[in-house]
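# Tertiary structure, described
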Amino acid sequence: MIPKAWKAYQQERTATYLLLILHVLFLLGLSAGVAVAIVQPEDGMDWDAPSGQVTEITAGGPAARAGLHVGDQILAVDGLLPTALPSATGGKRAGETLSLTVYGDGEAQSVSLTLERPPASILLDRMIPMGIGLGFGIIGLATYLLSQRQPPAALFVLVCLAVTGALVAGTLSTFKIPFASHLFSISLVWVAALSLHFHTRFPQIRDRPVVRRVLGSAYTLAGLVSIFFLLPGWATWRWQPWYPGLQWGLRLVLGLSLVVQIVLLATIVRGNYPRARRHARLLIAGAVLGLAPFLLLALLPDLLTGQHWWPYQYTFPFLLIMPLAYGYTLVRARLSHWDRAVARLLAAFSVAILLASAYGLAVRRLEPDLPPWLPVVLALGAGLALWPLARAARRWTDRVLFDVHYDYAGIVSALGEQLAHTLDRPTLRRLLVERLPELMPFEGAALLLAREDDEEGALHLEPPSTLVVEAHTALPGEGTLARALTRRRDPIAAVSLRSLLAGGSQCPAETAWLSSAAVETWLPLAREGELLGVLLLGPRLGGDLLDGQDRRILRSVAHQAALAAENVRLADALRGSRAELAHAHGQLLLAREEERRQLGWSLHDGPIQDLLVISLRLAALGAESGEHAPEMAALRQAVVEQVNVLRRLYARLRPGTLDELGLREALRALAIEYEDDYGLTVAFHAQGEVEHLSDEAAVTLFRAAQEALTNVSRHSGTERAWLAITRKEEGIALTVADEGRGFRVPRRLSALAYGGHFGLLGMAERLERLGGRLEVRSQPGEGTTVQVWLPVEAQEEGTP
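Quick look at the structure, then. (Residues numbered from 1 in each chain as written. Predicted model: local features only at pLDDT ≥ 70, side-chain atom pairs only at ≥ 80, totals over all residues. Heavy atoms only, no water.)

### Considering the overall build of the protein
Looking only at helices and strands, the protein features 25 helices and 15 strands. By residue count, 42% of the 800 residues in the protein fall in the buried class. For the protein, long-range pairs separated by at least 24 residues make up 67% of all intrachain contacts whose partners lie at least 6 apart in sequence. Of the accessible surface of the protein, which amounts to about 41,200 Å², a share of 61% is contributed by carbon and sulfur atoms. (Helix = DSSP H or I, 4+ residues; strand = E, 2+ residues; numbered from the N terminus. Buried < 20%, exposed > 50% of the residue type's maximum accessible area, 1.4 Å probe, protein only. Contact = heavy atoms within 4.5 Å. Areas by Shrake-Rupley, 256 points an atom, 1.4 Å probe, with all protein chains shown as cover.)

As structure tokens, this is what we get:
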């Protein structure tokens, strides 16, 4: 059994051969038409074959020299009725004479008309439709071959061939060749049917039953019309009274087909499929630009001023823009690198047509009283309008081709400044994974970056990604894939990258990343021979490929992102060093607190107890020896004072009330102590459960209150303060406030260290270690408020 792929290949080959045969046949027909147009002599008039009415006389031509006038009626040519002629000139050549029987001025007369060789201008007019037909045929065949023989391209070829046949037959029908006029009618009806079929398959497939019925009717009508005009009786039928109605009916069919096609394109433009929408816009833009010279340079000036600025026939070659637009749309995937060039060409053409139309219309309106200086003024005005028109045209073409407007300078400047100030991974990920796909646009992106803690230099996925990737393992930084990306700093398609590494050895992680179906483009972020990261990009919205400008944009973004990735790595290293330093400092604080605890207990259990024993012995000796009782009492009082000094020192080293009574009562005792020792009245308030804290959290809060009250007693100049501690669901807040002289708080508390004030800075470092924070609010003359916050996770007993 033959495989399906082989059957499809055979069908493609057969279709290709058939289309090539059709092209050869049409080329032969075109050559014959050109030959007929060249040898056909010029009679210098135009007349209606059925009625014989002369409708136009060329000044100075053979008909004018023979004395014919517009309105005369030709009764016979060389003795034959006009309806029996094989052509307008009876098959004669230049230099030969036609014998005409003409009815004019109320009588019939015989006129001899000598045929002439057509001048160059007439030959050019005849060749223009032939050349357009040849262009249609070439564009159709090239489109089919470049599109890799896709079915819509095959339909497009048939449409182009039908248009070619219509142009050639229409040109020959002006010579009153009957077969040419009927071939023209056949071609028109096939153009209507084939073009309608094409627009139901491209840019969006429509295969509903009603569409199939309409297409069946169109092809049936085309077949019947073809049979009718190929039957032997057409030579007599064309003079029947109903024949003109048939011709108008065929034109109506063509008009209805065009209307339906326009409606189909309009619905696609308003649809929800970006790629089809963009293709439909490009087709409509091609049609508009193809018709623009005819409308703006010939028809519009003719309607407004009575004379065209550009001859009608010379605007017809611009109609080739229409098949070019269709062909480019069909093969756009193969020619995407030309997108920007095509966009600029369309913009330039649009501006040129608009300026030429405005200039020609102004000149025609002001003739014949046109001042000699006015064309110069109009040219200067056109020059001034050139730049804004060019910008508007570029925006329009970008909208047509790309569905969005973006340019090199806009994207590079939008991302460059932000990347230059990026020092953390989340910001870098947001700019590259979220912002860049929005600007260009892509369906998504993912970012791989090296990490400082990975000694092997592997690249890790930075979550979250806007692109769904299957591989989540780290990409080896020294593997084959990484080395290839380091050498290729430009964006590289995933298909090209797989082909480049085909046959090489990759580890499983590299194979997984290479086989990720969602990734369409790899963008290395390399600097000085080191791969710092990789940006993985998904498909473009609408299925477009990267063009030259897209690659330049990504190359610039990659350079800026590589600098940002290096800055992020250095910032990570700095933050890591600071974290290690903060950890070491925290350990030092814990060790110092433990030493103070041990020293406090040593004082309590050692010297203080010994001095109390000595005090008791002195009291006993004073009672036994009355002679030295005063000296013993004075000595005992000195010992008691030293005991009190040591007790205060013990309280400083490690508040006994904190261990014995808990944080609430320790803070209350601290408030009383400052009132007794420094004369500072401290109003204390506690709310909520503040016990059962970890030792480190309790000591940190106590030391914070101690340091804040010390600052109040030393610097505020007031005798009143407030101390409050409140337990909330999220954490504990401790506040110390006063109404003293206040001070100007620096932006960074570390600035206080330059003045020798380390208390608040040390307090902030203690809190930062536990995930808390310190806030100081003060202004000169407005008092000071110190607020401490510890989160709930730092309060639980057992927290390190």
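Now that the structure has been shown, we can carry on.
### Here we look at the packing of helix α5 (residues 178-199) against helix α6 (residues 209-230)
At their nearest, the axes of α5 and α6 sit 9 Å apart, and the two run at 170° to each other. Of the possible angle classes, the one that applies to α5 and α6 is roughly antiparallel. Here His-182, Ser-185, Ile-186, Val-189, Trp-190, Ala-193, Leu-194, Leu-196 and His-197 of α5 lie close against α6, whose contacting residues are Val-214, Leu-215, Ala-218, Tyr-219, Leu-221, Ala-222, Gly-223, Val-225, Ser-226, Phe-229 and Leu-230. Of the residues that constitute the contact of α5 with α6, the class distribution is 15 nonpolar, five polar and no charged. (Axes fitted to C-alpha atoms, helices over the stretch in contact; angles between N-to-C directions. Parallel < 35°, antiparallel > 145°, perpendicular 65-115°, else oblique. Nonpolar A, V, L, I, M, F, W, Y, C, P; charged D, E, K, R; others polar.)

### Thoughts on the sheet that holds strand β13 (residues 731-738)
Remark on secondary structure: sheet strands pair via backbone hydrogen bonds, oriented parallel or antiparallel. The strand order β11-β12-β13-β15-β14 describes an open sheet built from five strands, whose pairing is mixed. Bordering the open sheet on either side are β11 (681-687) and β14 (773-778), each of which pairs with just one other strand. The mean angle between the axes of side-by-side strands here comes to 10°, regardless of whether they run parallel or antiparallel. Where strand β12 (residues 720-727) meets β13, seven bridges bridge the pair, whose relative direction is antiparallel. Within β13, the residue paired with Ile-725 across the bridge is Leu-734. Against the sheet, helix α23 (residues 663-678) contacts β11, β12 and β13, and its axis sits at roughly 170° relative to β11. (Pairing = 2+ DSSP bridges.)

### Considering the sheet that holds strand β7 (residues 459-461)
The sheet built from five strands is open, its strands ordered β7-β6-β10-β9-β8 with antiparallel pairing. In the strand order of this sheet, the two ends are held by β7 and β8 (492-493), each with one partner. Here β8 runs beside strand β9 (residues 521-527); their pairing, made up of two bridges, is antiparallel. Note on β9: the bridge partner recorded for Ala-493 is Thr-521.

### A word on the packing of aromatic side chains
Counting across every chain of the model gives nine aromatic pairs. Centre to centre, the rings of Phe-156 and Phe-198 are 5.9 Å apart; their planes meet at 45°, and the pair counts as tilted. Of this pair, Phe-156 sits in helix α4 (residues 151-173) while Phe-198 is found in helix α5, placing the two residues 42 residues apart along the sequence. We note that Phe-156, like Phe-198, is buried. When the ring of Phe-228 is compared with that of Phe-229, the centres are 5.0 Å apart and the planes differ by 80°; the resulting orientation is edge-to-face. Three or more aromatic residues joined by ring pairs make a cluster, and in this case those are Phe-156, Phe-198, Phe-202 and Tyr-326. The side chain of Arg-251 reaches across the aromatic face of Trp-248, ending 5.7 Å from its centre. (Phe/Tyr/Trp six-rings, centres within 6.5 Å; stacked < 30°, edge-to-face > 60°. Lys NZ or Arg CZ within 6 Å of the ring centre and 35° of its normal.)

### Considering helix α16 (residues 480-487)
Residues separated by three or four positions in an α-helix point in the same direction, a consequence of the helix having 3.6 residues per turn. Here α16 has its buried residues at Leu-481, Ala-482, Ala-484, Leu-485 and Thr-486. Looking at the buried side of α16, the elements it contacts are β8, α17 (494-500), α18 (508-514), β9 and β10 (530-537).

### So, the environment of Leu-172
Checked against the element boundaries, Leu-172 lands in helix α4. Between the alpha carbons of Leu-172 and Met-130 there is a distance of 10.0 Å; along the sequence they are 42 residues apart. Apart from the residues within four sequence positions on either side, Leu-172 is in contact with Gly-33, Val-36, Ala-37, Met-130, Ile-177 and Ala-180.

### Examining the nonpolar core
Of all hydrophobic cores here, the largest spans 39 residues; its most connected members are Leu-667, Leu-701, Leu-709, Leu-723, Ile-725, Leu-734 and Leu-774. Those elements giving two or more residues to this core turn out to be α23, β11, α24 (695-716), β12, β13, α25 (759-769), β14 and β15 (784-791). For this core, the element with the highest residue contribution is α24, accounting for 10 residues. Discounting residues that sit within four places of it in the chain, Leu-709 has contacts with Leu-670, Tyr-674, Leu-680, Val-682, Ala-721, Leu-723 and Val-736. (Core = buried A, V, L, I, M, F, W, Y, C linked by side-chain atoms within 4.5 Å.)

### Some thoughts on the pattern of salt bridges
One pass over the structure, following the stated rule, counts 13 salt bridges. A salt bridge links Asp-207 to Arg-201; the shortest N-O distance between them is 3.6 Å. Assessed through its relative accessible area of 43%, Asp-207 is described here as partly exposed. Of the charged contacts, one joins Asp-207 and Arg-212 as a salt bridge, the two residues approaching to 3.4 Å between their closest N and O atoms. With a relative accessible area of 44%, Arg-212 lands in the partly exposed category. (Salt bridge = Lys/Arg side-chain N within 4 Å of Asp/Glu carboxyl O.)

### Section: the pairing of strand β4 (residues 97-104)
Across the two faces of β4 the burial differs, with Leu-98, Leu-100, Val-102 and Gly-104 buried and Thr-97, Ser-99, Thr-101 and Tyr-103 not buried at all. Across four bridges, strand β3 (residues 73-77) lies against β4 in antiparallel orientation. Bridge pairing in β4 links Gln-73 to Tyr-103. When β4 meets strand β5 (residues 107-114), the two strands line up antiparallel, connected through eight bridges. Bridged to Leu-98 within β5 is Leu-113. Where β4 hands over to β5, the hairpin turn is made up of two residues, of which Asp-105 adopts a positive phi near 55°.

### Quick word on a nonpolar patch on the surface
The grouping of Leu-18, Ile-21, Leu-22, Val-24, Leu-25, Phe-26 and Leu-28 at the surface amounts to a nonpolar patch, some 620 Å² of accessible area in total. Along the chain, the position of Leu-22 falls in helix α1 (residues 4-39). (Patch = residues over 30% accessible without salt bridge, like charges linked within 9 Å, V, L, I, M, F, W, Y side chains within 5 Å.)

### Considerations on the packing of α4 against helix α11 (residues 321-330)
The geometry of a pair of packed helices is captured by two quantities: the angle between their axes and the separation between those axes. The N-to-C vectors of α4 and α11 enclose an angle of 165°; their axes lie 10 Å apart at closest approach. Comparing the axis directions of α4 and α11 gives the class roughly antiparallel. Viewed along their axes, α4 and α11 form a crossing whose handedness is left-handed. Taken together, the residues of α11 that come into contact with α4 (itself represented by Pro-152, Ala-153 and Phe-156) are Pro-323, Tyr-326, Gly-327 and Leu-330. For the contact of α4 with α11, the per-class residue count stands at six nonpolar, one polar and no charged. (Left-handed = near helix turned anticlockwise from the far one by under 90°.)

### What to know about unusual backbone geometry
Between Phe-202 and Pro-203 the backbone carries a cis peptide bond, its omega angle lying at 5°. With respect to the helices and strands, Pro-203 occurs in the loop between α5 and α6. Omega for the bond connecting Pro-463 with Pro-464 falls within 30 degrees of zero, at -5°, which places this linkage in the cis form. Mapped onto the secondary structure, Pro-464 falls in the loop between β7 and α16. The backbone of Glu-528 shows a phi angle near 55°, a positive value even though the residue is not glycine. Tracing the chain through its elements places Glu-528 in the loop between β9 and β10.

From the geometry alone we can't say anything about function, so treat these as descriptive.
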